[in-house]
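Below are the chains, spelled out letter by letter.
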Amino acid sequence: MRIILVDDEPIFIEELKHLIRQFNNDYPEIPLQVIHEFYNGQKAIEQIPALLPDIIFTDIQMLGVDGLQLARTIQQRWPAIKVVLVSGHSTFDYAREAMRSNVADYLLKPLSNEVFNQTILNLYKQQQQKATLRSQEIIKRMLLSEHPLEIPTEIKEMIFPYEQYVLILISQNQSSIDIDFMFPQTQDPTEFYLDSLRPFVSAPDELWAFATKSGKEIAVLIAGYELPRSLLDKIMAHTQTYFYHADEPVTIVYSERFQIIEKLKEVYVLLNERLYGSVVIGKHQLIRAAEAPSTVRPFAVLLTVSDEYKLVSYLSNKDWSSIKRYILQIFQIAEKEQTPSIYLEKYLKRILHLIENQSPVPDINVLKKLELRVEELVYTTPTFQEAAEAYWNFIVHTWNPETKNNRREDLYQQIETYMKTNMREPLSIQDLTTIFQISNTNLWNLFRDYSGKSFVELLTTLRMNKAKELIDTYPSMLLKDIAEFVGYRDQHYFSRVFKTVVGLTPSEYRNPEDRA
């Protein structure tokens, strides 16, 4: 970090330089460099634009522009520069003025090594956090922007000085397709993965991870001055172990090493195409993007035109048993051929449209919702058998309700009742699958068929309905108690979700005038 020293007493400047040398000996990984020293504040102000330090240590009492005036000027003109005020007087007035000047720290002479070191370490941590957030935002904009993002040379040299980069894309599982902000988490799931990678790299700012625009994958960027193949092999082996679970198939694709950060968007587009041309229901995969893609027969040639004529005939005659056999055959062929989900998705959507042509749904939005459910199904279901069962169930529920399975409806009612009774507990979809002995896929299907909502949407709706009931029934009940009763320990978070769902804050809802 680049430092300027300002004091009208040369002896104090020498003392600071001694502390800096000691710090460099103790913490060689955080080098400090004194780039200039001034004996009055005015000279420092004149030279700061040319020097642009990270930190300025200044005495308070100086002739002309004193330390407090210098700190206020820096705060107004160069707010990124951290100012540390040093004084030989422990008066409250000085401390109060220092706080008003928004200085980074206020130290008393004589400075000890311990106090000085801790001050530098705190400032370094703040600097690193700020740099990480800034670089994360730039990377995200590079990935998600429709147009190329130009990075000024000085920013690129400061934030992206690395010589090699590798991008990883990881297909997300079911848990990512819900409304995250309605379901509080102590930490973003991507952060847990990022933390697990840190032992493999030399510095925290060599890793970035976040969900992409679609929310269907995690993007991970690894940067370093040297990324040997042996290190990448270890990271990918760890990533496989971290994400591979029997009931949550994951496809991981990673790039070759590239040297220019501006190529990030190009690499991302190529990885995305490779990823979604490779995902297969129930299959764990680790794919190196440079490898030649395996030959896959498009699903359209696996099911011929005559097959579709058969389906149309079954639909015309409302022969639901034959329609079911046809759909099961589709999934059997897809499993045998290990057909990528992108092809299966297109064909399943085509079937929806063929059925809709024979038996139009009253609302076009119903068809759009079913198409979204197909996307969920082919990218999140753990087995072809479950996918076939889920697909058949929502077709029957939509177009042939007279054959509906009362057992499924009864099961849904039991699950909803359980959720209402236990809403104050931290419910998860895994809890319900265990208690009611049902697969994730079938459970998601029940929620969509009988409530039109996902798990988190339904749980949140039930909680908010109960909260409204409590506010109406017990007007004097504390909002904190209502929040806890419906499963939210954080009252502020509860209020935010309440307003999102209801359109009013709990306080506004309680007031009839505001409710109108």
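Preceding block: the structure.
All figures in this text were calculated on a predicted structure; none of them were measured in a lab. (Residues numbered from 1 in each chain as written. Predicted model: local features only at pLDDT ≥ 70, side-chain atom pairs only at ≥ 80, totals over all residues. Heavy atoms only, no water.)

A. Representation of empty space enclosed by the protein within the structure. Within this structure, the stated rule accounts for two cavities of 30 Å³ or more. Quantified by volume, the largest cavity comes out at close to 110 Å³. What lines the largest cavity is a set of 12 residues, among which Arg-373, Glu-376, Leu-377, Trp-444 and Asn-445 lie closest to the centre. If you list the elements that add at least two residues to the lining of the largest cavity, you get helix H14 (364–380), helix H15 (384–399) and helix H18 (440–451). Split into classes, the residues belonging to the lining of the largest cavity amount to four nonpolar, five polar and three charged. Approximately 40 Å³ is the volume attributed to the second largest cavity. The wall of the second largest cavity is formed by Leu-315, Lys-318, Trp-320, Ile-355, Gln-358 and Ser-359. Each residue belonging to the lining of the second largest cavity can be placed in one class, and the counts come to three nonpolar, two polar and one charged. (1 Å grid on protein atoms, 1.4 Å probe; cavity = no way out; pocket = protein on both sides within 12 Å on 5 of 7 lines; lining within 4 Å. Points joined across faces, edges and corners; volume = space filled by probe spheres on them. Helix = DSSP H or I, 4+ residues; strand = E, 2+ residues; numbered from the N terminus. Nonpolar A, V, L, I, M, F, W, Y, C, P; charged D, E, K, R; others polar.)

B. Fine view of the pairing of strand E7 (residues 207–211). Most of E7 is tucked away, with four of its five residues classed as buried. Bridging between E7 and strand E8 (residues 217–224) involves five bridges; their strand directions are antiparallel. Within E8, the position partnered with Ala-211 by the bridge is Ile-218. (Buried < 20%, exposed > 50% of the residue type's maximum accessible area, 1.4 Å probe, protein only. Pairing = 2+ DSSP bridges.)

C. Focus on H14. Along its 17 residues, H14 runs 25 Å from first to last C-alpha, staying within 8% of the 24 Å computed at 1.5 Å per residue. Taken as a whole, H14 has its buried residues at Leu-367, Leu-370, Glu-371, Arg-373, Val-374, Glu-376, Leu-377, Val-378, Tyr-379 and Thr-380. Turning to H14, the residues buried within the fold contact helix H9 (264–276), helix H12 (320–337), helix H13 (341–358), H15 and H18. (Expected span 1.5 Å × (residues − 1). Contact = heavy atoms within 4.5 Å.)

D. A look at the pattern of salt bridges. Scanning the model with the defined rule gives 16 salt bridges in all. We note a salt bridge from Lys-17 to Glu-14, for which the minimum N-O separation is 3.4 Å. Taken together, the residues span about one helical turn, with Lys-17 and Glu-14 both in helix H1 (residues 10–26) at a distance of three residues. Across the pair Asp-59 and Lys-109 runs a salt bridge, and its minimum N-O distance is 3.5 Å. You can see Asp-59 sitting in strand E3 (residues 55–59) and its partner Lys-109 sitting in the loop between strand E5 (105–108) and helix H5 (113–144), a full 50 residues away along the chain. (Salt bridge = Lys/Arg side-chain N within 4 Å of Asp/Glu carboxyl O.)

E. Region of interest: the sheet that holds strand E4 (residues 82–87). Strand order in the open sheet formed by five strands is E2-E1-E3-E4-E5, with parallel pairing between adjacent strands. Here the strands that pair on one side only, and so sit at the sheet edges, are strand E2 (33–38) and E5. For this sheet, the mean inter-axis angle between neighbouring strands, taken without regard to orientation, is 20°. Pairing of E3 with E4 involves five bridges; the strand directions are parallel. Bridge pairing in E4 links Ile-56 to Val-83. (Axes fitted to C-alpha atoms, helices over the stretch in contact; angles between N-to-C directions.)

F. Spatial organisation of the pairing of E4. Burial analysis of E4 places five of its six residues in the buried class, which makes it a mostly covered element. Remark: the E3/helix H3 (residues 67–77)/E4 crossover connection has right-handed handedness. (Right-handed = clockwise from strand over helix to strand, strands pointing away.)

G. Structural detail: the sheet that holds strand E9 (residues 251–254). With mixed pairing, the five strands of this open sheet are ordered in space as E7-E8-E6-E9-E10. Both edges of this open sheet fall to E7 and strand E10 (285–288), since each of them pairs with a single strand only. With direction set aside, neighbouring strand axes in the sheet form an average angle of 15°. Sheet topology places E9 next to E10; four bridges connect them, and they run parallel. Residue pairing across strands places Ile-252 opposite Leu-286, the latter belonging to E10. Lying over the sheet, H9 contacts strand E6 (164–171), E8, E9 and E10, oriented at roughly 35° with respect to E6.

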